[in-house]
Amino acid sequence: MKINQMYVNLPVKDIQKTKEFWTNIGFSINEQMSDDKAVCIVMNENIYVMFITEEHFQTFSERPVPKGDTTQVLVAIGLDSREEVDQAVNAAVANGAYQHEEPQDYGWMYHNSFWDINGHGWNVMFADPSQMPSQS
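These notes cover the structure that comes with them. (Residues numbered from 1 in each chain as written. Predicted model: local features only at pLDDT ≥ 70, side-chain atom pairs only at ≥ 80, totals over all residues. Heavy atoms only, no water.)

Regarding helix α1 (residues 15-25)
Inspection of α1 places Ile15, Thr18, Phe21, Trp22 and Ile25 among the buried residues, and these make up the whole buried set. For α1, the angular spread of buried residues about the axis comes to 130°, placing them on one side. In this structure, the buried residues of α1 make contact with β1 (6-12), β3 (38-44), β4 (47-53), α3 (82-94), β7 (109-115) and β8 (121-127). Gly26 occupies a position one or two residues after α1 and carries a positive phi of about 125°. (Buried < 20%, exposed > 50% of the residue type's maximum accessible area, 1.4 Å probe, protein only. Helix = DSSP H or I, 4+ residues; strand = E, 2+ residues; numbered from the N terminus. Arc of directions from axis to C-beta. Contact = heavy atoms within 4.5 Å.)

Remarks on the sheet that holds β3
The 4 strands are arranged β1-β4-β3-β2 in an open sheet whose pairing can be described as mixed. Bordering the open sheet on either side are β1 and β2 (28-29), each of which pairs with just one other strand. With 6 bridges joining them, β3 and β4 adopt antiparallel strand pairing. Counted as the bridge partner of Val42 is Tyr48 from β4. Packed onto the sheet, α1 meets β1, β2, β3 and β4 and runs at close to 15° relative to β3. (Pairing = 2+ DSSP bridges. Axes fitted to C-alpha atoms, helices over the stretch in contact; angles between N-to-C directions.)

Some thoughts on the packing of aromatic side chains
Evaluation of the coordinates by the stated rule reveals 7 aromatic pairs. Consider the rings of Tyr7 and Tyr48, whose centres lie 4.8 Å apart with planes at 15°: the pair is stacked. One end of the pair, Tyr7, is in strand β1; the other, Tyr48, is in strand β4, and 41 residues separate them in sequence. Classification of Tyr48 as buried rests on a relative accessible area of 10%. Considering the side-chain rings of Phe21 and Phe114, the 6.4 Å spacing of their centres and the 55° angle between planes classify their relative orientation as tilted. (Phe/Tyr/Trp six-rings, centres within 6.5 Å; stacked < 30°, edge-to-face > 60°.)

Below, the structure is given as structure tokens:
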């Protein structure tokens, strides 16, 4: 089996602020899949994040929406360079997010992270598997 698209659905309090946050970082919106209850952020041609108002999100699950003081999921995204990783995290922080932890550099893999304006955790990474140390 091979997945041809991925949609991550996350609850948010304010669609407009969420839309501004993600477009200010540099991502685009799929307007056809967005309305006053949800905004569809295009991560790439096959990966999307649907940020859905808490009220509407609740119609998809019988479980309560987290209040922002727990971690349900950490979303990891890969970019093409260490510089892009830091640019994305710095842009997020400049637009209201906050740094999750200090950047980690493993030589072959580099990652940085932030909590977005809705409290969702994002690990942003660059990896070069050809530089991965062998397991000996």
